[in-house]
Amino acid sequence: MKRVKIAPSILSADFANLARDVERVEKAGVEWLHIDVMDGMFVPNITIGAPVVKSIREITRLVLDVHLMIMNPARYIDDFADAGADYITVHEEACPDNLRETINLIKKRGKKAGLSIKPDTPAEKIRPVLNNLDLILVMTVEPGFGGQIFIVDMLSKIREIRKMLRENRLFSANIQVDGGINPETAKLVKEAGADVLVAGSYIYKAENIAEAVKSLR
Ligand code: DX5
Ligand code: ZN
């Protein structure tokens, strides 16, 4: 089985010691850093915005994977691109009128484009823009908060998307999962076809972060 990439979510980090907590996961050998942006509208929680991404960009070489949980994200693509994001992921449900346009905006800025779907959104919803995607994020919890329980039903959605990519000969797009990832669920999502595992609480609550990362692989 191919090696998965690990993307710690800084949602579970200590925001007053963010540089330290980024460095900790970087030293543990992770490839990506997952940054959860929430607007209090698309999800019932507010986190951080582009200025924080910019500050993180200055202290790390990790791939910056920005997960936008905000309504009409097209308004902010330039800000996050300027801030130094590598991947910009938007939600299908947050772009009811301009999904194709939003993905194109990300690509036009030379960034990797991701599309995320909530647990109740069917895989079919990604099909219209599939050819343009570098990443498909399957939410394995309802977005908004860290520390929730993995929704097992999402395994069949991961398999379905893997099949869709194969049938369309799209071999470079990543399938990412986010929510409730620990060593047990990591094994299940890998078998189902996930390439990039986001983990917040499991990594940041661990006594030994390097061991925690290893146990997810
Ligand atoms: C939830 C966020 C996740 C969150 C995952 O809306 O998108 O990235 O940090 O947290 P855990 O790994 O604790 O479920
Ligand atoms: Zn996330």
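Below is a summary of the structure that appears in this document.

Rules and cut-offs
Residues numbered from 1 in each chain as written. Chains lettered and ligands numbered in written order. Predicted model: local features only at pLDDT ≥ 70, side-chain atom pairs only at ≥ 80, totals over all residues. Heavy atoms only, no water. Buried < 20%, exposed > 50% of the residue type's maximum accessible area, 1.4 Å probe, protein only. Helix = DSSP H or I, 4+ residues; strand = E, 2+ residues; numbered from the N terminus. Pairing = 2+ DSSP bridges. Right-handed = clockwise from strand over helix to strand, strands pointing away. Donors = N, O, S within 2.8 Å, 3.2 Å for Na, K, Ca; no water. Tetrahedral: all angles 85-135°; square planar, octahedral: opposite > 155°, others 65-115°. Phe/Tyr/Trp six-rings, centres within 6.5 Å; stacked < 30°, edge-to-face > 60°. Lys NZ or Arg CZ within 6 Å of the ring centre and 35° of its normal. Near = heavy atom within 4 Å. Polar contact = N/O pair within 3.5 Å; in protein donor to acceptor, adjacent residues only side chain to side chain. Areas by Shrake-Rupley, 256 points an atom, 1.4 Å probe, with all protein chains shown as cover. Nonpolar A, V, L, I, M, F, W, Y, C, P; charged D, E, K, R; others polar. Core = buried A, V, L, I, M, F, W, Y, C linked by side-chain atoms within 4.5 Å. Contact = heavy atoms within 4.5 Å. Arc of directions from axis to C-beta. Axes fitted to C-alpha atoms, helices over the stretch in contact; angles between N-to-C directions.

## Focus on the pairing of strand β2 (residues 32-38)
Phase 1 of the analysis: Buried residues dominate β2, accounting for seven of its seven residues.
Phase 2 of the analysis: Here β2 shows a buried face lined by Trp32, His34, Asp36 and Met38 and a second buried face lined by Leu33, Ile35 and Val37.
Phase 3 of the analysis: With seven bridges connecting them, β2 and strand β3 (residues 63-69) associate as parallel partners. The residue of β3 that forms the bridge with Leu33 is Leu64.
Phase 4 of the analysis: With helix α2 (residues 50-57) bridging β2 and the parallel β3, this β-α-β connection has right-handed handedness.

## Regarding the coordination of the zinc ion (ligand 2)
Phase 1 of the analysis: At 2.0 to 2.3 Å from the zinc ion (ligand 2) lie its protein donor atoms, namely His34 (NE2), Asp36 (OD), His67 (ND1) and Asp178 (OD).
Phase 2 of the analysis: One can describe the site at the zinc ion (ligand 2) as octahedral: its six donor atoms subtend angles covering 70 to 169° at the metal.
Phase 3 of the analysis: Assessed through its relative accessible area of 6%, Asp36 is described here as buried.

## Digging into the packing of aromatic side chains
Phase 1 of the analysis: Summed over all chains, the structure comprises one aromatic pair.
Phase 2 of the analysis: Centre to centre, the rings of Trp32 and Tyr87 are 4.4 Å apart; their planes meet at 35°, and the pair counts as tilted. Placement of the pair is Trp32 in strand β2 and Tyr87 in strand β4 (residues 87-91), with a sequence separation of 55 residues.
Phase 3 of the analysis: Between Lys118 and the ring centre of Phe42, over which it is positioned, the NZ or CZ distance is 5.1 Å.

## Examining the site of ligand 1
Phase 1 of the analysis: Every one of the 20 residues lining ligand 1 counts as a neighbour, but Asp36, Gly144, Asp178, Gly200 and Ser201 are closest to it.
Phase 2 of the analysis: Measuring from an oxygen atom of ligand 1, one finds a side-chain N or O atom of His34 at 3.4 Å.
Phase 3 of the analysis: Between Gly200 and ligand 1, the recorded distance is 2.7 Å, taken from a backbone N or O atom to an oxygen atom.
Phase 4 of the analysis: Relative to its unbound accessible area of 380 Å², ligand 1 is 100% covered by the protein chains.
Phase 5 of the analysis: The element that contributes the greatest number of residues to the shell around ligand 1 is β2, accounting for three residues.
Phase 6 of the analysis: Classifying every residue of the shell around ligand 1 by side-chain character gives eight nonpolar, ten polar and two charged.

## Regarding the nonpolar core
Phase 1 of the analysis: In terms of nonpolar packing, the biggest core is built from 65 residues, with Ile10, Ile35, Leu68, Ile161, Ile181, Val189 and Leu197 touching the most fellow members.
Phase 2 of the analysis: In this structure, Ile35 is in contact with Ile10, Ile48, Val53, Ile56, Leu64, Asp65, Val66 and His67, ignoring residues within four places of it in sequence.
Phase 3 of the analysis: Formed by nine residues, the second largest nonpolar core is a distinct cluster that contains Trp32, Leu135, Met139 and Val196.

## Observations concerning unusual backbone geometry
Phase 1 of the analysis: Positive phi, close to 45°, is recorded for Asn72, a residue that is not glycine.
Phase 2 of the analysis: With respect to the helices and strands, Asn72 occurs in the loop between β3 and α3 (77-83).
Phase 3 of the analysis: Its identity as a non-glycine residue notwithstanding, Arg169 has a phi of 55°, on the positive side.
Phase 4 of the analysis: Along the chain, Arg169 turns up in the loop between α5 (154-167) and β7 (174-178).

## Details of helix α1 (residues 18-27)
Side chains of residues three or four places apart in an α-helix project in the same direction, reflecting 3.6 residues per turn.
Phase 1 of the analysis: Leu18, Asp21, Val22 and Val25 are the residues of α1 that are buried. Here the buried residues of α1 occupy an arc of 100° about the axis, which is enough to place them on one side.
Phase 2 of the analysis: If you follow the buried residues of α1, they end up packed against β1 (5-8), β2, α2, α7 (201-204) and α8 (209-216).
Phase 3 of the analysis: Gly29 sits one or two positions beyond α1 and adopts a positive phi of about 90°.

## Examining the sheet that holds β7
Phase 1 of the analysis: Strand order in the open sheet formed by eight strands is β1-β8-β7-β6-β5-β4-β3-β2, and the pairing between neighbours is parallel. Sheet topology places β1 and β2 at the edges, where each strand pairs with a single neighbour. Ignoring which end each strand starts from, the neighbouring axes of this sheet average 25° apart.
Phase 2 of the analysis: Pairing of β1 with strand β8 (residues 196-199), which is carried by four bridges, proceeds in the parallel orientation. Bridge pairing links Lys5 to Val196 in β8.

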